[in-house]
Amino acid sequence: MIPFADLKQQYRNIKDEIDEAVFNCLREGDYIRGKSVCQFEMNFAKYLGAGYCISCGNGTDALEIILKALRIGPGDEVIVPALTWISTAEVVNNVGAEPVFVDICEDSFTIDPGKIAEKITNRTKAVIPVHLYGCPADMTGIMRTAREFNISVIEDCAQAHGAEYHGQKTGTLGVASAFSFFPSKNLGAYGDGGAVVTNDRELSDQIRMLGNHGQLDVKHEHAVIGRNSRLDSVQASILGIKLKYLDEWNKIRRILADHYRSYLQGITGIVLPPDFEKRTHVYHLFVVRSSDRNRLIKILDENSISYGIHYPAPLPFVEAYRYKRHSVKEFPVAVKAAKEIISLPLYPELSEDQVKDICKLIRKKY
Ligand SMILES: *Cc1c(COP(=O)(O)O)cnc(C)c1O
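Residues numbered from 1 in each chain as written. Predicted model: local features only at pLDDT ≥ 70, side-chain atom pairs only at ≥ 80, totals over all residues. Heavy atoms only, no water.

Trainee: Just to check I follow, could you spell out the sheet that holds strand β6 (residues 164-165) for this structure?
Mentor: Strand pairing within a sheet occurs via backbone hydrogen bonds; the two strands may be parallel or antiparallel. If you walk across this open sheet you meet the three strands as β7-β6-β11, and the pairing is antiparallel. Edge positions in the sheet fall to β7 (168-169) and β11 (279-280), since each has one partner strand and no second. Bridge count for β6 against β7 is two bridges, and the pairing is antiparallel. Counterpart to tyrosine 165 in the pairing with β7 is glutamine 168. (Pairing = 2+ DSSP bridges. Helix = DSSP H or I, 4+ residues; strand = E, 2+ residues; numbered from the N terminus.)

Trainee: I'm lost on the sheet that holds strand β13 (residues 341-344) in this one. Help?
Mentor: On the basis of which strands lie adjacent, the open sheet formed by three strands has the order β10-β12-β13 and antiparallel pairing. Strands with a single pairing partner mark the edges of an open sheet, and in this sheet they are β10 (270-271) and β13. Two strands pair when backbone bridges link them, and β10 and strand β12 (residues 286-290) are joined in this way by two bridges, in the antiparallel orientation. Paired with valine 271 across the bridge in β12 is arginine 289. Of the strands in this sheet, β10, β12 and β13 touch helix α10 (residues 293-302), which is tilted by about 20° from β13. (Contact = heavy atoms within 4.5 Å. Axes fitted to C-alpha atoms, helices over the stretch in contact; angles between N-to-C directions.)

Trainee: So what exactly am I meant to see when it comes to the pattern of salt bridges here?
Mentor: Close approach of charged atoms allows side chains with opposite charge to pair. Scanning the entire structure with this criterion turns up 20 salt bridges. A salt bridge links lysine 115 to aspartate 112; the shortest N-O distance between them is 3.8 Å. Aspartate 112 sits in the buried class, given a relative accessible area of 17%. Here aspartate 258 ties to arginine 261 by a salt bridge, and the two come within 2.9 Å at their closest N and O atoms. With aspartate 258 and arginine 261 both in helix α9 (residues 246-264), this residue pair falls three residues apart, about one helical turn. What makes arginine 261 buried here is its relative accessible area of 15%. Three or more residues joined by partner-sharing salt bridges are found here, namely Glu106, Arg289, Lys336 and Glu340. (Salt bridge = Lys/Arg side-chain N within 4 Å of Asp/Glu carboxyl O. Buried < 20%, exposed > 50% of the residue type's maximum accessible area, 1.4 Å probe, protein only.)

Trainee: Whenever I open this one, the pairing of strand β9 (residues 194-198) confuses me. Can you help?
Mentor: Most of β9 sits inside the fold, with five of its five residues counted as buried. Neither face of β9 is open: one carries Gly194, Val196 and Thr198, the other Ala195 and Val197, and all of them are buried. The pairing of strand β8 (residues 176-180) with β9 spans four bridges and is classified as antiparallel. Following the sheet pairing, alanine 178 is matched in β9 by valine 196.

Trainee: For this particular structure, what's the right way to read the packing of helix α3 (residues 35-48) against helix α8 (residues 233-243)?
Mentor: The packing of two helices is summarised by the inter-axis angle and the distance between the axes. The geometry of α3 relative to α8 is characterised by a closest axis approach of 8 Å and an angle of 35° between their N-to-C directions. For the element pair α3 and α8, the recorded crossing hand is left-handed. Between α3 and α8, the contacting residues are Ser36, Val37, Phe40, Asn43, Phe44 and Tyr47 on the first element and Ser233, Ala236, Ser237, Leu239, Gly240 and Leu243 on the second. Tallied by class, residues from the contact of α3 with α8 come to seven nonpolar, five polar and no charged. (Left-handed = near helix turned anticlockwise from the far one by under 90°. Nonpolar A, V, L, I, M, F, W, Y, C, P; charged D, E, K, R; others polar.)

Trainee: Would you mind showing me how to read the site of the ligand here?
Mentor: In the neighbourhood of the ligand, 14 residues make up the surrounding shell, with Gly59, Thr60, Gln159, Ser180 and Lys185 lying closest. The contact in question runs from an oxygen atom of the ligand to an N or O atom on the side chain of asparagine 58, over 3.5 Å. Separating an oxygen atom of the ligand from a side-chain N or O atom of lysine 185 is a distance of 2.7 Å. Starting from 380 Å² of accessible surface for the ligand in isolation, the protein chains cover 91%. Looking at the shell around the ligand residue by residue, the class counts come to three nonpolar, nine polar and two charged. (Near = heavy atom within 4 Å. Polar contact = N/O pair within 3.5 Å; in protein donor to acceptor, adjacent residues only side chain to side chain. Areas by Shrake-Rupley, 256 points an atom, 1.4 Å probe, with all protein chains shown as cover.)

Scope: geometric values only; no functional claims are made or implied.
In structure tokens, the structure reads:
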């Protein structure tokens, strides 16, 4: 039996440090907006090489708060990739604006910069590239188009903690970026958590206010209509410990991906994810394409190897977006990908031997 992730094993590996950090919060009465939150925000900003980090309740809130801070709302449009987790699009609806879907690239599964311009109208305010599966989107092309049309670039980094584009950490390339600390992400809490990262001081103040009832420094002074979205101290203390291991864990993920690539290479009907030059992929997920996915699923099922499908349908075709009446011809690459993709187990606690076993089995039976 090989699970899809092994968070219990990860906890066992760092148990003493985690327990100490959590109990310290409890002993100190550090629950909300305390020392460990402040410390984590500083350390995460420093890790990324960013000016400001503002923690919040989860990754979806992080995206929504960025849109609010940029004053995106009713009448506005925001460009999002057709294949991503639903958060990227639903936040646009939730601020009263309209998501506009763009097809993805065949090789990276990230938004196709060449197809953005044709979707831009005079209502378009921003584009949200997603560094899907941990692979940095083609930011050069995206930034060029965004500059040309004067729209904001908001990075969805929920799957890409520590990934780099041309030597620069993802999350520092656009005007602001959103991170999720959902337990299974590359940097995950033991509950919900999220953060916004930006280099823009004014925007960071606005974001901090919006997530804290519109208050900035003085209690009971509410400058804007805000909300309550915060990371709690226990989660922040856990993230502080895990941040120290992030690079090491990402390195193992990249090594395991290389093993998968070498052991699976040359099997007819299986296409492996490329490792792009100048894009440091952090393999939140190891996604292969299979020309006969049902057959591959049967092999994995019969041998108790877990897998996932991220995601079974491009967003324009999930029930919630049926109202947009899109046709499959508009998103040929995403539609084809959704039929072929399958995520194999990849996490730092997985061994090279386990990867070898999975690959041997696929090579023999597929
Ligand atoms: C996980 C995820 C989010 C949202 O994060 P939550 O913390 O679960 O709200 C947003 N975008 C993408 C691409 C994600 O994978």
